[in-house]
Amino acid sequence: MKFFEIKNNSNINKLHREIKKKINKYSFCLVKNFNNSNVQKELLKIVKSRYKFENDIRISGKRKIGDKDHQRVDLGDSYKNIRFMRIITFSEWNKKNKKFFKLVNPIIELRNQLSDINKFGMFYPDVKKIKFKKEKNNFYLGDFIRMIQYPTGGGFLIQHNDYDEQYGKGVIAALLPLTVKKINGNKSSPSTYERGGLYFIHKGKKVMIDDYVENGDLILFDSKIDHGVNTIDPHKKINFTKLSGRLTLNFSVASFYK
């Protein structure tokens, strides 16, 4: 077992202690077998059902309470981080996401317990936003969950950290891969890419965590750690009309404006 891996087990208190130790020491960890294959299949099915190539937009604007979900393409340096990816959002107030949130709620609950935060309804009134500038109190902090696709033939994300003014302070970041690298795949696992993937910077060196991720594993990390996504299958033609390449669900607590 690698230094950052934890085996999932039925002893919740022990699991929490082990995760906290790993994050305190390394700033990230990989929880093995968090989800079973049926949950993974259902989540991937939901994501694929929401995707339509013609729904791509380039600018989504401020997150607002009550907004419809959207599908956005990010390409270039017009954002905080240079990147090439597509996102599909899943907002809790949208009724069509009821089944989705039931499936991902164990991740939200684990993240909240590790972060020592409490959710009331759809929001986190006691969580403070990471503030770099003064701002009117015209927002609520809630679950910001999105599928992120790094497409075959060039999807990437430049090295950065997630210590962002729009996110909740002290909240552990969670990431659930929906597809894995072919080197880690098996007959029951959706293995969709061969090269590239997520890495963390540990002691000045890249740790290619995607080289160890299998279907159902959960990644947890401190928002201050530097990380990125190496180009997905740069040796192949770009495949952007389909949900190709690397697919993940990303979990944050972020600001939604009134």
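Notes on the structure follow. (Residues numbered from 1 in each chain as written. Predicted model: local features only at pLDDT ≥ 70, side-chain atom pairs only at ≥ 80, totals over all residues. Heavy atoms only, no water.)

1. A word on helix α2 (residues 37-50)
In step 1: Along its 14 residues, α2 runs 20 Å from first to last C-alpha, staying within 8% of the 20 Å computed at 1.5 Å per residue.
In step 2: For α2, every residue scored as buried is listed here: Val39, Gln40, Leu43, Leu44, Ile46, Val47 and Arg50. Seen from one end, α2 has its buried residues packed into an arc of 155°, which puts them on one side. Residues of α2 that are exposed and point more than 90 degrees away from the buried face comprise Asn38, Lys41, Lys45 and Ser49.
In step 3: Here the buried face of α2 lies against β3 (71-76), β4 (83-90), α3 (98-115), β5 (139-150), β7 (173-177) and β14 (246-257). (Helix = DSSP H or I, 4+ residues; strand = E, 2+ residues; numbered from the N terminus. Expected span 1.5 Å × (residues − 1). Buried < 20%, exposed > 50% of the residue type's maximum accessible area, 1.4 Å probe, protein only. Arc of directions from axis to C-beta. Contact = heavy atoms within 4.5 Å.)

2. Concerning the packing of aromatic side chains
In step 1: One pass over the structure, following the stated rule, counts 14 aromatic pairs.
In step 2: Pairing phenylalanine 3 with phenylalanine 4 gives two aromatic rings, centres 5.0 Å apart and planes at 85°, and the pair type is edge-to-face.
In step 3: Considering the side-chain rings of phenylalanine 100 and phenylalanine 101, the 5.7 Å spacing of their centres and the 75° angle between planes classify their relative orientation as edge-to-face. Grouping residues by exposure puts phenylalanine 100 and phenylalanine 101 together as buried.
In step 4: Through a chain of ring-to-ring contacts, the aromatic side chains of Phe3, Phe4, Tyr26, Phe28, Phe200, Tyr212 and Phe221 assemble into a single cluster.
In step 5: Looking at lysine 62, its charged tip hangs above the ring of tyrosine 257, at a distance of 4.1 Å from the centre.
In step 6: A cation sits over an aromatic face here: lysine 206 above tyrosine 199, 4.3 Å from the ring centre. (Phe/Tyr/Trp six-rings, centres within 6.5 Å; stacked < 30°, edge-to-face > 60°. Lys NZ or Arg CZ within 6 Å of the ring centre and 35° of its normal.)

3. Things to note about the side chain of histidine 227
In step 1: Along the chain, histidine 227 turns up in strand β13 (residues 227-230).
In step 2: By relative accessible area, which is 5% here, histidine 227 ends up buried.
In step 3: A distance of 3.4 Å separates a polar atom in the side chain of histidine 227 from a polar atom in the side chain of aspartate 162.
In step 4: Apart from residues lying up to four places away in sequence, histidine 227 is in contact with Ile158, Gln159, His160, Asn161, Asp162, Leu198, Tyr199, Phe200 and Phe221. (Polar contact = N/O pair within 3.5 Å; in protein donor to acceptor, adjacent residues only side chain to side chain.)

4. A closer look at the nonpolar core
In step 1: Core analysis: the largest hydrophobic core is formed by 43 residues, its most contacted members being Ile19, Leu43, Phe100, Val104, Leu220, Leu249 and Phe251.
In step 2: For this core, the element with the highest residue contribution is α3, accounting for 8 residues.
In step 3: Ignoring anything within four residues of it in the chain, the contact list for isoleucine 19 reads Ile6, Cys29, Val31, Leu110, Leu114 and Leu220.
In step 4: Ile87, Tyr150, Phe221 and Ile232 belong to the second-largest nonpolar core, a separate cluster that totals 23 residues. (Core = buried A, V, L, I, M, F, W, Y, C linked by side-chain atoms within 4.5 Å.)

5. Comments concerning the pairing of strand β10 (residues 197-202)
In step 1: Burial of β10 is extensive: 5 of the 6 residues sit out of reach of the surface.
In step 2: Across 4 bridges, β10 lies against β13 in antiparallel orientation. Its bridge partner lying in β13, tyrosine 199 is registered against glycine 228.
In step 3: Relative to strand β11 (residues 205-207), β10 is paired through 3 bridges, and the arrangement is antiparallel. Looking across to β11, one finds that isoleucine 201 is bridged to lysine 206. (Pairing = 2+ DSSP bridges.)

6. Here's the deal with the environment of alanine 254
In step 1: Take alanine 254: it is sitting in strand β14.
In step 2: On the basis of relative accessible area, alanine 254 is assigned to the buried category, the value being 0%.
In step 3: Taking the C-alpha atoms as reference points, alanine 254 and tyrosine 51, separated by 203 residues in sequence, lie 23 Å from one another.
In step 4: Alanine 254 has contacts with Arg63, Tyr140, Leu141, Gly142, Phe144, Gln166 and Tyr167, leaving out every residue within four places of it along the chain.

7. Description of the side chain of threonine 152
In step 1: Summarising the element assignment, threonine 152 is placed in the loop between β5 and β6 (156-160).
In step 2: Judged by relative accessible area, which is 10%, threonine 152 ranks as buried.
In step 3: A distance of 3.1 Å separates a polar side-chain atom of threonine 152 from the backbone nitrogen of glycine 245.

8. Things to note about the packing of α2 against α3
In step 1: Axis separation between α2 and α3 bottoms out at 10 Å; the angle between their running directions is 145°. Here the hand of the crossing between α2 and α3 comes out left-handed. Listed contacts from α3 to Val39, Glu42, Leu43 and Ile46 of α2 are Lys99, Phe100, Leu103 and Val104.
In step 2: A class-by-class count of the residues in the contact of α2 with α3 yields 6 nonpolar, no polar and 2 charged. (Axes fitted to C-alpha atoms, helices over the stretch in contact; angles between N-to-C directions. Left-handed = near helix turned anticlockwise from the far one by under 90°. Nonpolar A, V, L, I, M, F, W, Y, C, P; charged D, E, K, R; others polar.)

Just geometry here; none of it tells us what the structure is for.
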